[in-house]
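# Breakdown of the fold
Here are the chains, one letter per residue:
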Amino acid sequence: MDRNQAIGFGLIAVLLLAYSFFFSGTNEEANTPAFDQTAKVEQVQTGPAPVAEDDSLAQVRRAAALGTFSAAATGEASTTTLENQNMVVTFNSKGGQVEEVVLKNYKDYRGNTLVLFDRESSQTDVQFTTNDGKNIRLSDLYFTPSEAQTVTVGEVPAQTITYRADLGNGQTIDQIYTLFDNSFQVGYKLDFKGLDNQISGDNVTMTWNDNLKQLEKDITQNRAKSTINYYTADESFDYLSISEGTETETITEPMKWVANKQNFFTAGIIAANTFSGAKLEAVTNPADTSIVKTLNSQILIPTADLLSGKGEFTYYFGPNDYKILKHMGNEFNKNLDLGWGIFSWVNKWIIIPAFDFLENYIGNYGIIIILLVLYIKLILFPLTYKSFLSMAKMKVLKPEIDAIKERNDGDMQKTQMETMKLYGEMGVNPLSGCIPMLLQIPILFAMFNFFPNSIELRQEAFLWADDLSTYDVFARLPFTIPFYGDHVSMFTLLMTASTILYTWSNNQMNTMQGPMKMYTYLMPIIFMFVLNSFPAGLSFYYFVSNMVTFGQQALIRKFVDEGKIRAKLEENRDKRKEKKKSGGPSFTERMQEAMRAAADKEQQRKNNPKLKK
């Protein structure tokens, strides 16, 4: 030890001695009140009289508030779980309700096991009014759980558990839950026994309050896809509109089911008979990033069903997967948004079967999308060929059309008339190229619903995209561009570049001039802004589709001889001339001649204002 260390230790020792001497009394005084306080607390806790008085008062208050149902007002809360291959469902004896649902085979956007329903964010309850005016909630009652049993329901293995509240005098409330194997369904039966003279009113109210947690990376898309769907007994599907703020709706007709629907998952309840009606509410607070949306439902259950043993329902806690939802019945598959009308049918009968088939053999979803494009292009090839052939005919006639435009010097009406006459003489239908394109629109728009809602693509990576069900982030911008965002989607850029190239290629074969030609190049730029935050799978599909179209056109060009097309058009013109000599002008030609005469007369009137009509 050197001299400096010795001095340092000496000073520390002096300070410790001084502190012990001057502040020792203070420590005793500080410790004494603490001890006394502890003694007082222990004395209060060990005194029997006050505790007994508190328990008595509590019992009196519970009895006064619950009346006949006070027998189930005391107890100890405990949980029981049922588990199958897909999920773990936890029940609580206080209230006898579902407390938590964990989907075992799915993750949230943070990589944690997906919790679809839990006590912190979601609560269900059943409440009713007694004949003596008391308001009873099942959450105020304690239920005794039975042992979980293995049963078979319609040849399907299942587990069942019963929660019973014994009210005495043969009066009970039973809640029976059945979890089916390899399923996302939980059977639920609510049975009121011996309570015919206790329940007031025609309906019991089931409340479901759900503060949706963020499950996906893009909270904006998460909100846009989250709402309450419902289905009435007269087979009418509807939903609360997607909007910021509060949206409410009251349904006064019988209903089959109500569902809290998100991007890729749904929690809903289906009645074996019907619900009497419901009041639904969706609340969105854009400033609150901890909650996607708050969904509140007050669902009316016919009291007669519960008293007669017919209060049977089915919970669904699971993915928006068409293969699963289509077996639920009552059009529960509408919780998966596949578009309306013909777009929905295209997805159901063309896109989804092909996608599922490829999924059985290929694990890379980027490759599946490429093969899906080839499949769709093969179906549409006859239409593509006809459209290309029509454009080739227009290209052959371009010299004549340019001469007409030059001769009429900006007179659009006269140019149009002479162009239509040329088409008629050559036997060319200018709409023949548009019709094949129109027939492809259902598939084009069906993809706008398929990719954003396809749970198969959720959290599936391809190239630089971490998740094909949402936008890819090739680069993050330090600022936000209005209508574009704060990120760069490379698949969207590739789609835009290929669309511009495709537009340029088509413009070489048509006669479009002026502003319309410029608009064809503007549309891909607009779509770049729109699709930058759309799923990467959608942008990648359109990019591959454009590239395959280029290949198809290159192949078709090898088999389309423009010289032969020109010769065929000349032949058509000669045939029409012969026909005109023998049979006179056709109806179309007469209409064109009348329109041309009217155009000439209008032009003369403009040149000479004094000339009357």
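From a predicted model like this one, the values you see are computed outputs, not experimental measurements. (Residues numbered from 1 in each chain as written. Predicted model: local features only at pLDDT ≥ 70, side-chain atom pairs only at ≥ 80, totals over all residues. Heavy atoms only, no water.)

### Focus on the overall build of the protein
For the record, the criterion: Put simply, DSSP H or I for four residues or longer makes a helix, DSSP E for two residues or longer makes a strand, and each gets a number counted from the N terminus. Here the term buried applies to any residue with accessible area under 20% of the maximum for its type, exposed to any over 50%, and partly exposed to those in between, with areas from a 1.4 Å probe on protein chains only. The Shrake-Rupley method, run with a 1.4 Å probe, gives the accessible areas here. Residue values count only the displayed protein chains as cover.
When helices and strands are counted, the protein shows 15 helices and 22 strands. With 613 residues in all, the protein has 42% of them scored as buried. In the form shown here, the protein has an accessible surface area of approximately 32700 Å², with 57% of it arising from carbon and sulfur atoms.

### Observations concerning the sheet that holds strand E5 (residues 122-130)
The line we're drawing: Note: two strands are recorded as paired if DSSP finds a minimum of 2 bridges between them. Angular values range over 0 to 180 degrees, each being the angle between N-to-C directions of two axes fitted as lines to C-alpha atoms, with helices fitted over their stretch in contact.
With respect to topology, six strands assemble into an open sheet ordered E6-E5-E12-E19-E18-E15, the strand pairing being antiparallel. The open sheet is flanked by strand E6 (135-137) and strand E15 (245-251), the only strands paired with a single partner. With strand direction ignored, the average angle separating the axes of adjacent strands in the sheet is 15 degrees.

### A look at the environment of Lys 193
Basically, it comes down to this: Any pair of residues with heavy atoms lying within 4.5 Å of one another is described as a contacting pair.
Along the chain, Lys 193 turns up in strand E11 (residues 185-193). Judged by its relative accessible area of 36%, Lys 193 falls in the partly exposed class. In the structure, Lys 193 is positioned 22 residues away from Gln 171 in sequence and 5.5 Å away in space, judged by C-alpha atoms. With residues up to four places along the chain from it excluded, the contact list for Lys 193 reads Arg 164, Gly 170, Gln 171, Thr 172 and Asp 174.

### As for the packing of aromatic side chains
Which entries qualify depends on this criterion: Each aromatic pair joins two rings of Phe, Tyr and Trp (for Trp, the six-membered one) with centres within 6.5 Å, and gets the label stacked for planes under 30 degrees apart, edge-to-face for over 60, and tilted for any other angle. Lysine and arginine charges are scored as sitting over a ring when NZ or CZ, respectively, is within 6 Å of the ring centre and within 35 degrees of the ring normal.
All told, the structure shown has 37 aromatic pairs when counted by the stated rule. Relative to Phe 313, the ring of Phe 275 lies with its centre 5.6 Å away and its plane at 5 degrees, an arrangement referred to as stacked. Of the two residues, Phe 275 is situated in strand E17 (residues 265-275) and Phe 313 in strand E20 (residues 312-319); the sequence distance between them amounts to 38 residues. Of the two residues, Phe 275 and Phe 313, neither departs from the other in class, the shared state being buried. Summarising the aromatic geometry, the rings of Trp 464 and Phe 474 are spaced 5.8 Å apart at their centres and angled 75 degrees between planes, so their arrangement reads as edge-to-face. One end of the pair, Trp 464, is in the loop between helix H10 (434-453) and strand E21 (475-481); the other, Phe 474, is in the loop between H10 and E21, and ten residues separate them in sequence. An aromatic cluster is present here, built from Trp 340, Phe 343, Phe 355, Tyr 365, Phe 445, Phe 448, Phe 450, Phe 451, Phe 534, Tyr 541 and Tyr 542 joined pairwise through their rings. Lying across the ring of Tyr 471, Lys 217 places its NZ or CZ 4.8 Å from the centre.

### Focus: the nonpolar core
Formally: Note on terminology: a nonpolar core comprises buried Ala, Val, Leu, Ile, Met, Phe, Trp, Tyr and Cys residues joined through side-chain atoms within 4.5 Å.
Counting residues in hydrophobic clusters, the biggest one holds 109 residues, and the most contacted among them are Phe 69, Ile 173, Tyr 315, Phe 317 and Met 447. Take this core: its biggest share by element is eight residues, from helix H13 (residues 536-557). Among all residues touching Tyr 315, those that are not within four sequence positions of it are Gln 97, Val 98, Thr 124, Tyr 177, Phe 184, Gln 185, Val 186, Tyr 188, Met 206, Trp 208, Gly 268 and Ile 269. Judged by nonpolar contacts, the second largest core, of 14 residues, contains Phe 388, Met 391, Ala 392 and Val 396.

### Side note on the side chain of Asp 191
Within the secondary structure layout, Asp 191 lies in strand E11. The class of Asp 191 is buried, set by a relative accessible area of 9%. Here Asp 191 is in contact with Thr 172, Ile 173, Asp 174, Leu 306 and Gly 309, once residues within four sequence places are set aside.

### Some words on the pairing of E11
By the bridge criterion, eight bridges tie strand E10 (residues 171-180) to E11 in an arrangement that is antiparallel. Bridged to Asp 174 within E11 is Asp 191. The antiparallel pairing of E10 with E11 creates a hairpin that spans four residues between the two strands, and Asn 182 there sits at a positive phi of about 50 degrees. In this sheet, E20 lies alongside E11 in antiparallel orientation, the contact comprising five bridges. By the bridge assignment, Val 186 is partnered in E20 with Tyr 315.

### Digging into the packing of helix H7 (residues 365-396) against helix H8 (residues 398-408)
Our working definition: The labels follow the angle: roughly parallel below 35 degrees, roughly antiparallel above 145, roughly perpendicular from 65 to 115, and oblique for the rest. Here the term charged refers only to Asp, Glu, Lys and Arg, the term nonpolar to Ala, Val, Leu, Ile, Met, Phe, Trp, Tyr, Cys and Pro, and the term polar to all other amino acids, Gly among them.
Between H7 and H8, whose axes approach to 4 Å, the crossing angle comes to 50 degrees. Here H8 runs oblique to H7, going by the angle between their axes. Contacts between H7 and H8 involve Met 394, Lys 395 and Val 396 on the former and, on the latter, Lys 398, Pro 399 and Glu 400. Split by residue class, the contact of H7 with H8 holds three nonpolar, no polar and three charged.

### Details of unusual backbone geometry
Backbone geometry at Asn 169 places phi at a positive 55 degrees, although glycine is not the residue there. Considering the arrangement of structural elements, one finds Asn 169 in the loop between strand E9 (156-168) and E10. Phi is positive for Gln 459, close to 60 degrees, though the residue is something other than glycine. Tracing the sequence through the fold places Gln 459 in the loop between H10 and E21. Judged by its relative accessible area of 33%, Gln 459 is partly exposed.

### A few points about the sheet that holds strand E1 (residues 79-83)
What the four strands build is an open sheet, ordered E1-E2-E3-E4; its pairing is antiparallel. Each end of this open sheet is capped by a strand with a single partner; those strands are E1 and strand E4 (113-117). Averaged over all pairs of adjacent strands, the angle between strand axes in this sheet comes to 25 degrees, irrespective of strand direction. Where E1 and strand E2 (residues 87-92) come together, five bridges link them in antiparallel fashion. Looking at E2, one finds that Glu 83 is bridged to Val 88.

### Focus on helix H6 (residues 342-359)
Threshold: Working rule for helices: expected span equals 1.5 Å times residues minus one. We define the bend at any residue as the angle between the axes fitted to the seven residues before and including it, ending there, and the seven starting there.
Compared with an ideal rise of 1.5 Å per residue, which puts 18 residues at 26 Å, H6 spans 24 Å between its outermost C-alpha atoms and is within 8% of the ideal. For H6, the principal kink sits at Ile 351 and spans about 35 degrees; a proline, Pro 353, occurs within the next four residues. Taken residue by residue, H6 has Phe 343, Ser 344, Val 346, Asn 347, Lys 348, Ile 351, Ile 352, Ala 354, Phe 355, Asp 356 and Leu 358 as its buried positions.

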